[in-house]
Number of protein chains: 2
Amino acid sequence: MSAAAPEGYDPSAFEPFAVTVDLAVFTVRESRLHVLLVERGAEPYQGHWALPGGFLLPRESAGAAARRELAEETGLSDDTVSGLHLEQLRTYSEPDRDPRMRVVSVAHTALVPDLPEPRGGGDAAGARWWDAARTGPLAFDHDRILADARDRVGAKLEYTCLATAFCPPHFTLGELQQVYETVWGVELDRPNFRRKVLATPGFVRPAEGAPRRTGGRGKPAALYRAGDATALHPPLLRPEGRQA
Amino acid sequence: MSAAAPEGYDPSAFEPFAVTVDLAVFTVRESRLHVLLVERGAEPYQGHWALPGGFLLPRESAGAAARRELAEETGLSDDTVSGLHLEQLRTYSEPDRDPRMRVVSVAHTALVPDLPEPRGGGDAAGARWWDAARTGPLAFDHDRILADARDRVGAKLEYTCLATAFCPPHFTLGELQQVYETVWGVELDRPNFRRKVLATPGFVRPAEGAPRRTGGRGKPAALYRAGDATALHPPLLRPEGRQA
DNA sequence: TCAAAAGTGTTGGTCATACACCCATGC
DNA sequence: GCATGGGTGTATGACCAACACTTTTGA
């Protein structure tokens, strides 16, 4: 905040901005990182795909707006959405990022388990999951936002426990490992991954009493739930990151 | 961006927001982490101290506004400021964070070497460095922003090379170690710290041909300059972080 | 000659990697 | 039985923390 500039009191003395949120909603399906995109139904960028998002309501924080938009775009209930992982990515404020007017957008990243196909609600012409590595050119500066979001997600898996956000409430360690391998694009050693996860207090806890589940054929795997921990100390580094 | 909502074209259909930047400018002086604060000269929060900041100009990005404000508040030349480390922290958008109107603020963090006292320019009643651990209650939500910024800086030292941003162009390894010890509030083993830094390619490079400098008494230390690397692989973890 | 700070060497423990190997299930 | 995925054991090696020791300056 500017320190007590008189013009602070006069709404006409500063440029009015529109403030929006944009959402990079990721999920892991079929061993690929997917992102939720909506098809624009009007100019500008009509027919292009874009990240979902929308304007802040008059008395709404950016976080609340992001959660509201996430519920609208995914068709999930507010209760379900309130439990999903959603965090601010960064704010994009280049003067010409929207050809219509001055729009400052607070981008957010959401990690969700594999959900049913979105119903494409709201004002979008369509909505679907896209392979995050194979999106065409997106509207506005959304290519950049998406790239930033992918980088952030990859980095966050190293030193936080939020890989579990990609998993359903009960999951196997194999599924959790799949998340890492998919996001990072590498293969991990299963025994070592297992030890690392179980040795980190609060990363996962056994889903006690739950039966075992099969991933097709093979031995049924024990089920786990996400733990209380958020940080991962020491971190779980990407194999490439080790030598650099 | 909302996908082609008609009201996107009509400036009267959405709430006008003011957009500002706030700056958490850190430096290390006298073995304490310091933050630059300005004294507010008018209501609200007259007489309180606050983070420096100000409104975005009509065709200015948040990053450009932050750099401009940083130059104004520190009294440094634009050239000097352009070389300093400045990065976005996060955006604060609670509806009532400013009692006057709806203000969305894009907070930034800057790391600077020990600079001369600020001249308190601009619209502030005063400006000075404060021990970052002993700031009184600040104006607006700036206590929260400052706390977030301190956390971020501490975390960033673990996995990036930007501790050098706190140092002058030529510095000794002892000075670099002081930065870590000050920000983290711990003591580090000098031989191990030294090895770790020198073993990380691109963290520092010798200031070739430069003479040696003394930090008072004791053996003169070799001088180094910041290297090209930004990431720190593997990270340099805080001692506390090891067991958790 | 002593204190203080820079710089080098060494060692022991811990942790990760890379495997080998057993278990349980579907076909 | 055999393929497939879950789960356990283990040894080699890398790395890190701790600390002893030498070097170079100012007083």
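Residues numbered from 1 in each chain as written. Chains lettered and ligands numbered in written order. Predicted model: local features only at pLDDT ≥ 70, side-chain atom pairs only at ≥ 80, totals over all residues. Heavy atoms only, no water.

*Asks:* It is not clear to me how the side chain of A:Arg102 should be interpreted in this structure. Could you clarify?
*Replies:* As for its position among the elements, A:Arg102 is in the loop between β5 (85-92) and β6 (103-111). Here B:Leu57 takes part through its backbone oxygen, which lies 3.5 Å from a polar atom of the side chain of A:Arg102. Sequence-distant contacts of A:Arg102, that is, excluding residues within four places in its chain, are made with A:Phe17, A:Ala18, A:Ser93, A:Glu94, A:Pro95, B:Leu56, B:Leu57, B:Pro58, B:Arg59, B:Glu60 and B:Ser61. (Helix = DSSP H or I, 4+ residues; strand = E, 2+ residues; numbered from the N terminus. Polar contact = N/O pair within 3.5 Å; in protein donor to acceptor, adjacent residues only side chain to side chain. Contact = heavy atoms within 4.5 Å.)

*Asks:* Teacher, can you tell me more about the protein's contact with DNA strand D here?
*Replies:* With respect to spatial proximity, 21 residues lie near DNA strand D, and among them A:Arg190, A:Pro191, A:Lys219, A:Ala222 and B:Asn192 are the closest. Considering the 4 Å shell around the protein, atoms of DNA strand D inside it are sugar or phosphate in 51% of instances. Between DNA strand D and A:Arg195, the relevant distance is 3.0 Å, taken from a base oxygen to a side-chain nitrogen or oxygen of the residue. B:Lys219 places a main-chain nitrogen or oxygen 3.3 Å from a base oxygen of DNA strand D. Contributing elements (two or more residues each) for the surface near DNA strand D: α5 (190-199) of chain A together with α5 (190-199) of chain B. (Near = heavy atom within 4 Å.)

*Asks:* Even after reading the chapter, I still don't get the environment of B:Phe166, so can you show me in this structure?
*Replies:* Residues and elements named next belong to chain B. Position of Phe-166 relative to the elements: it lies in the loop between α3 (142-159) and α4 (173-184). Expressed as a C-alpha distance, the spacing of Phe-166 and Val-153, which sit 13 residues apart in the sequence, is 11 Å. Discounting residues that sit within four places of it in the chain, Phe-166 has contacts with Phe-26, Thr-27, Val-28, Leu-33, Leu-111, Val-112, Pro-113, Asp-114, Val-153, Val-179 and Val-183.

*Asks:* For this particular structure, what's the right way to read the packing of aromatic side chains?
*Replies:* Aromatic ring pairs are reported here in terms of the distance separating the ring centres and the angle at which the planes meet. Scanning the model with the defined rule gives 9 aromatic pairs over all chains in all. Between B:Tyr45 and B:Phe140 the ring centres are 4.9 Å apart and the planes differ by 55°, which places this aromatic pair in the tilted class. Of the two residues, B:Tyr45 is situated in the loop between β2 (32-39) and β3 (49-50) and B:Phe140 in the loop between β7 (126-131) and α3; the sequence distance between them amounts to 95 residues. Ring pairing ties together the aromatic residues A:Tyr180, A:Trp184 and A:Phe193, which thus form one cluster. Stacked on the ring of A:Tyr92, the Lys or Arg A:Arg90 has its end atom at 5.2 Å from the ring centre. (Phe/Tyr/Trp six-rings, centres within 6.5 Å; stacked < 30°, edge-to-face > 60°. Lys NZ or Arg CZ within 6 Å of the ring centre and 35° of its normal.)

*Asks:* What is the right way to look at the packing of helix α3 (residues 142-159) of chain A against helix α4 (residues 173-184) of chain A in this model?
*Replies:* Relative orientation and spacing of two packed helices are given, respectively, by the angle between their axes and the distance between those axes. Residue and element names in this part refer to chain A. With their axes 10 Å apart at the nearest point, α3 and α4 run at an angle of 140° to one another. Looking at the two axes, α3 sits oblique to α4. Where α3 crosses over α4, the two elements pack in a sense that is left-handed. Counted together, Val-153, Gly-154, Leu-157 and Glu-158 of α3 and Val-179, Tyr-180, Val-183 and Trp-184 of α4 form the full contact between these two elements. Taken together, the residues that form the contact of α3 with α4 break down as 6 nonpolar, 1 polar and 1 charged. (Axes fitted to C-alpha atoms, helices over the stretch in contact; angles between N-to-C directions. Parallel < 35°, antiparallel > 145°, perpendicular 65-115°, else oblique. Left-handed = near helix turned anticlockwise from the far one by under 90°. Nonpolar A, V, L, I, M, F, W, Y, C, P; charged D, E, K, R; others polar.)

*Asks:* Just checking my understanding: could you explain the pairing of strand β6 (residues 103-111) of chain B for this structure?
*Replies:* It is a general feature of regular strands that their side chains alternate between the two faces of the sheet. Residue and element names in this part refer to chain B. Extensive coverage of β6 is indicated by the burial of 9 of its 9 residues. Two strands pair when backbone bridges link them, and strand β1 (residues 18-29) and β6 are joined in this way by 9 bridges, in the parallel orientation. Bridged to Val-25 within β6 is Ala-110. Across 7 bridges, the pairing between strand β5 (residues 85-92) and β6 is antiparallel. Note that in β6 the partner of Glu-87 across the bridge is Thr-109. (Buried < 20%, exposed > 50% of the residue type's maximum accessible area, 1.4 Å probe, protein only. Pairing = 2+ DSSP bridges.)

*Asks:* Any chance you could explain the packing of α4(A) against α5(A) here in plain terms?
*Replies:* Residue and element names in this part refer to chain A. Between α4 and α5, the shortest axis-to-axis distance is 11 Å and the interhelical angle comes to 100°. Classified by the interaxial angle, the pair formed by α4 and α5 is roughly perpendicular. Of the residues in α5, those in contact with Leu-173, Leu-176, Gln-177 and Tyr-180 of α4 are Arg-190, Phe-193, Arg-194, Val-197 and Leu-198. Of the residues in the contact of α4 with α5, the class split is 6 nonpolar, 1 polar and 2 charged.

*Asks:* What exactly am I supposed to notice about the protein's contact with DNA strand C here?
*Replies:* In the region of DNA strand C, 22 residues are neighbours, and A:Asn192, A:Arg195, B:Arg190, B:Pro191 and B:Ala222 sit closest. Here, DNA strand C places atoms within 4 Å of the protein, and 52% of those atoms are sugar or phosphate. Interatomic distance of 3.1 Å between a side-chain N/O atom of B:Arg195 and a base oxygen of DNA strand C. For DNA strand C, a phosphate oxygen lies 2.8 Å from a polar atom in the backbone of B:Ala222.

*Asks:* Teacher, can you tell me more about the side chain of B:Thr164 here?
*Replies:* The residue B:Thr164 is located in the loop between α3 and α4 in this model. Ignoring any residue separated from it by four or fewer positions in sequence, one finds B:Thr164 in contact with B:Phe171, B:Leu176, B:Phe203, B:Val204 and B:Ala226.

*Asks:* Sorry if this is basic, but what is going on with a positive patch on the surface here?
*Replies:* Residues and elements named next belong to chain A. Taken together, the side chains of Arg-190, Arg-194, Arg-212 and Lys-219 make up a positively charged region of the molecular surface. Position of Arg-190 among the secondary structure elements: in helix α5. By relative accessible area, Arg-190 is classed as exposed at 59%. (Patch = residues over 30% accessible without salt bridge, like charges linked within 9 Å, V, L, I, M, F, W, Y side chains within 5 Å. Areas by Shrake-Rupley, 256 points an atom, 1.4 Å probe, with all protein chains shown as cover. Salt bridge = Lys/Arg side-chain N within 4 Å of Asp/Glu carboxyl O. Lys, Arg positive; Asp, Glu negative; His and termini not counted. Charge placed at Lys NZ, Arg CZ, Asp CG, Glu CD.)

*Asks:* Is there a simple way to explain the domain arrangement of chain A in this structure?
*Replies:* Size of an interface: often given as the accessible area lost when the parts come together. Residues and elements named next belong to chain A. Segmentation of chain A into domains returns domain 1 (17-157) and domain 2 (160-226). A straight line from the C-alpha centre of domain 1 to that of domain 2 covers 27 Å. Across the boundary between the two partners, domain 1 contributes 16 residues, which contact 13 residues of domain 2. Between domain 1 and domain 2, a total of about 1,300 Å² is buried, with carbon and sulfur atoms accounting for 71% of that surface. (Domains from an automatic or database assignment. Buried area = accessible area lost by both parts, 1.4 Å probe.)

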